[in-house]
Every structure is written in C-alpha cells, then in structure tokens.
Amino acid sequence: MKKQSKNVKNKLKTSGGDSRNYFRPQTKEGLMQILGDYEDELTVIAGGTDLLVEHFDQLYKIDNWLDLNWISEFKEIKIYDDKVEIGSMVTHERLYKLDKIKELFPVLQQAAADVGSPQIRSRGTIGGNIVTSSPAGDLLPPLLVYDAKLKILSQEGERVVDANEFFTGPKQNVLEKGEIVEKVILPLRDEKYKGAWVKVGKRKALVISSISLALNLVFDEDNMIKESRICVGSAAPTPLRIKKAEEMLLNKKLSKIKIDQVAQIVADEISPIDDIRGTAKYRRQVAFNITNSALDEVINQ
Amino acid sequence: MKITLTVNGQKREVDVKPHTRLLDLLREDLGLTGTKEGCGKGECGACTVIMNNKVVASCLVLAPQADGAEIQTVEGLGGKEKLHPIQQSFIETGAVQCGFCIPGMIMSSKKLLDDNINPTKEEIKRGLSGNICRCTGYIKIIDAVEEASRKMKSGGEG
C-alpha cells in the first residue's frame, strides 16, 4: 500500500537550510518573549487562508513568521455561566460543528458553516477572520450582533475592545504593532433570543460574500423585542450595524414588525461600492431582500 | 529547519524553509506527485491532502506547520495492484476525464466517507464543495462517491 512513497528518497531539492525565520511559541509567555525580541520584523500567521494567498502572490515579502498554531491555549473554547470564550485559533470547522455553539450562537455557527470550503474551514480561524478585517469577513456581522468583545494581548499588558469598535476600514482595525487577539468573549443572555444569517454570493461554496446579514433579537417576558441587532457585511468599509433599523424593532412584538419598512432602511443606510462581486445598486436591492428574509426566518422560528 | 512528519504511514524527515509549502514538500522533496497544484490559492482543491484527519489545501500550509503531522496523500490509498474502493469507483463510473482534479476529489471523498459512510447527495456535494473539476464531470463524480459508499459498506475497505 505505501509502496510508492517508500521508493522515493528525500531529495532535498527546493528546500533545505535556514531555520531562523519561523517562530512557533507554545505558550503565551513564549509568545510575549518573541514579540519583545522581534516585534517589528514579525508577520503573524493564523490559519493562513488569506495571508498565504497574498504572500505567494508576492504582494509582499515576509521575513519572519510568527505562527500562532502551536499555542494550545488559543484553541480553547470555554463556557461559563455568563459568557463563552472562544480562543482566536479556533477554526471555522470547529465552530460550526460544535453543538454548544449552534445552540447558544446559531448566527455565528451558520456563518462559520458558510465560510469557503472544507479545506478553508479546517485551517481558517476566528481570530484570523477578525484581524484580517475584510468587510466581507463572514464571522464579523455575527460577532457584532452578539456584542462580542475581543481580548488583546501585548507586552504592555491586556486590553478588551468591543467588536463594534474594532474595525476602522477595509482590512483596517485598532490593533497596534505587537498586539495579538487572544480570544473572543461572547456574553450569554438569560432572556430568549432569536437570530438569522444570510449570505449571498455568486456560488454556494468557496465564495466571498457579495453581501451578508446577521440579525439577533432579544425578547422580554412579554415577547417584546428589548434589544435588536442588525449587521450587514460587504456593504460598507467595515461590517455595519444599522442602528436606525434596529431602533424600529424595539418594544414591538414580532407580529407587529413592518418588515418592508425595516428592509428599506437597511437598503438606504448601507454604503456599498461597485466591485467584481456586485454593483452598489445590486447590493442595495439584495440588502432589502435579505433583511426581509432574515426577519421572515425569525418570525417563523 | 528539519521537520519530521508521517506521510502515508511512513516517517519522513525533511529539511525545509519556513515558506516551503506542504504541497512542494510532498511533490518536490518526497517525490509524491499525485498531489497536484491547480490555482495555488486554496480555491480549486487539486492539492487537497488529509492532514491530522482534516482536509487541507496543501498549497496553503507552510511546511513547518506540518511538523509532527500525519499526512495522507492519494499515493497512500492504493496502487495499481490493489486500488482503494474510492479509486475503483471513480474508474467504474467514468468519473475521471482529464484527471487533474481527481487526486484532490479522492482525498475529499476519503475524508467524507471516513466521517460518514452513508452520505446523502447533498452531503457529498458539500463534502466536495472545495474541489473544482473544470471538465465539469460532477454528476459522475457524485455517482462515484455513492458507489464507493456502497463498496465500503459491504466491507471492501482497501
């Protein structure tokens, strides 16, 4: 069975030598030490599903790799009474296969299931998705509708940033040199909540979204909406909360929502661009449609 | 830097650079040219291998990231004298046209069937959603996975 590989000797043709440019700390302490020694020269790699594509396209040169894949602490998911902590190196595959995530954060679970392909989901991570900060990052709208917080480490210490304030532009965020996202903190609610996720792209698989929408509604004891979150992806420089539409839903029962009015506000509030994945006009129309279907879905849950 | 990995059940030690791709390690250093390079961007699935029981695009894995890993490539499934039921089924159903995508298709099918010996058509489509066939022979490829599922259920694991 393994005959063919046995016949081939190690050839050492294209590779060999050179061992100094790849760092793989296994603990937080080790990570801090490397950050201290090499801060300015490091490129951090998580799943590599975006970074390596750009690197091999030679969009930029990477001299020193800092690989977070070996820090087992960053791969942990911890469930507490009042929150769930997801390590930044948790893959999309684990997120969407975990029953607990499906039960507690269905919008995030569905978005993780929609990322790329099995090959991308097995490597790509939640932390990578966050730090890449693409307006089309599939996990970002769900994180915003669940009021996620990000725990960030550096040599100076730790800080916690609201996901709502993390993204500042296309592929831009508040992270400074030498800072690493350690984990995502998702608060757990006692109240009932319902949500929906819609992703629209040119194909079903391996597609960067043309537009996406995450929705989460929290209800009080009388089934009135007491908190609402609507976030659209790929329709502005960052994932965008549509606060005007959120407000329209407050203190209403689901049956009293004027779906078309809410959808129109979402379509009006986004600031989409024309690109290879769709025109601005198309995105506004689809924003209307997917707001409609997301609200429909929540009503029918 | 030196890394050690297990490829198709055999321990291999290879000297690599940090930016060597797992794909090149397999093809160039170990001579396992069954794994193909298509797009080199993780979009086509031609370079799919199984690493630590997960399907990965070997063009998007750095060789040092595979240090200590367990890798299965198409060469590990079976050879001319004894084909794996998945390989046999691809031949029998005529799922192979130009053949370039097939090693990746077969590795994704292997992972799919290892996890779920009895997949529905939808589950097969989802399992193979990261693999592109530009001859567009998808229907027969799905037939092949269904046939492989039948063969493997009746005990013919290669």
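Predicted model only: the values in this text are computed from it and were never measured.

Chemist: Explanation requested: the overall build of chain A in the structure shown.
Modeler: Of regular secondary structure, chain A possesses twelve helices and 14 strands. Against the globule reference of 19 Å for 301 residues, chain A gives a C-alpha radius of gyration of 21 Å, in line with a compact fold. C-alpha atoms of chain A, sized along the principal axes, occupy 70 × 45 × 40 Å. Every one of the 301 residues in chain A was classed for burial, and the buried ones make up 45%.

Chemist: Please clarify how the nonpolar core should be interpreted in this entry.
Modeler: Considering soluble globular proteins, one finds that nonpolar side chains tend to be buried as a cluster. Leu108, Leu143, Val232, Val266 and Ala287 of chain A together with Ala66 of chain B are the most contacted members of the largest nonpolar core, which totals 127 residues. It is helix H3 (residues 102-115) of chain B that provides the largest number of residues to this core, a total of six residues. Leaving out residues up to four positions away in the same chain, Ala66 of chain B has contacts with Ile3, Leu5, Leu22, Met51, Val61 and Ile71 of chain B.

Chemist: Sorry if this is basic, but what is going on with helix H11 (residues 259-269) of chain A here?
Modeler: Think of an α-helix as turning once every 3.6 residues; residues three or four places apart then point the same way. Listing the buried residues of H11 of chain A in full gives Val262, Ala263, Ile265, Val266 and Ala267 of chain A. The secondary structure elements touched by the buried residues of H11 of chain A are strand S13 (225-233), helix H10 (243-249) and helix H12 (280-300) of chain A.

Chemist: Help me out: how do you make sense of the domain arrangement of chain B in this one?
Modeler: Interfaces are often sized by the amount of accessible area the parts lose when they come together. Domain boundaries assigned for chain B yield domain 1 (2-76) and domain 2 (85-153). It is strand S3 (residues 48-51) of chain B that provides the largest number of residues to the side of domain 1 of chain B that touches domain 2 of chain B, a total of three residues.

Chemist: I'm lost on the domain arrangement of chain A in this one. Help?
Modeler: All names here are of chain A. Looking at the assigned domains, one finds that chain A contains domain 1 (21-70), domain 2 (73-187) and domain 3 (192-300). Summarising the inter-unit geometry, the C-alpha centres of domain 2 and domain 3 are found 20 Å apart. Contacts between the two partners involve 22 residues from domain 2, matched on the other side by 23 residues from domain 3. Those elements giving two or more residues to the side of domain 2 that touches domain 3 turn out to be helix H6 (106-113), helix H9 (140-145) and strand S8 (167-169). Sort the elements by how many residues they give to the side of domain 2 that touches domain 3 and H9 lands first, with five residues. Classifying every residue of the side of domain 2 that touches domain 3 by side-chain character gives 13 nonpolar, seven polar and two charged.

Chemist: Which parts of the structure should I look at to understand H6 of chain A?
Modeler: Among the residues making up H6 of chain A, those that are buried are Val107, Leu108, Gln109, Ala111 and Ala112 of chain A. For H6 of chain A, the elements touching its buried residues are helix H4 (92-97), helix H5 (99-104), H9, strand S11 (192-200) and strand S12 (211-219) of chain A.

Chemist: Looking at this structure, how should I read the packing of helix H2 (residues 85-92) of chain B against H3 of chain B?
Modeler: Helix packing for two helices is described by the angle between their axes and how far apart those axes are. Residue and element names in this part refer to chain B. Two elements in contact, H2 and H3, have axes separated by 10 Å at closest approach and are oriented at 125°. For the element pair H2 / H3, the angle class is oblique. Of the two possible hands of crossing, H2 and H3 adopt the one that is right-handed. Between H2 and H3, the residues in contact are Ile86, Gln87 and Phe90 and Ile102, Ile106, Ser109, Lys110 and Leu113, respectively. Of the residues assigned to the contact of H2 with H3, the class counts are five nonpolar, two polar and one charged.

Conventions used here
Residues numbered from 1 in each chain as written. Chains lettered and ligands numbered in written order. Predicted model: local features only at pLDDT ≥ 70, side-chain atom pairs only at ≥ 80, totals over all residues. Helix = DSSP H or I, 4+ residues; strand = E, 2+ residues; numbered from the N terminus. Rg over C-alpha atoms; globule rule 2.2 N^0.38 Å. Buried ≥ 20, exposed ≤ 12 C-beta atoms within 10 Å, placed from the backbone. Core = buried A, V, L, I, M, F, W, Y, C linked by C-beta atoms within 7 Å. Contact = placed C-beta atoms within 7 Å. Domains from an automatic or database assignment. Nonpolar A, V, L, I, M, F, W, Y, C, P; charged D, E, K, R; others polar. Axes fitted to C-alpha atoms, helices over the stretch in contact; angles between N-to-C directions. Parallel < 35°, antiparallel > 145°, perpendicular 65-115°, else oblique. Left-handed = near helix turned anticlockwise from the far one by under 90°.

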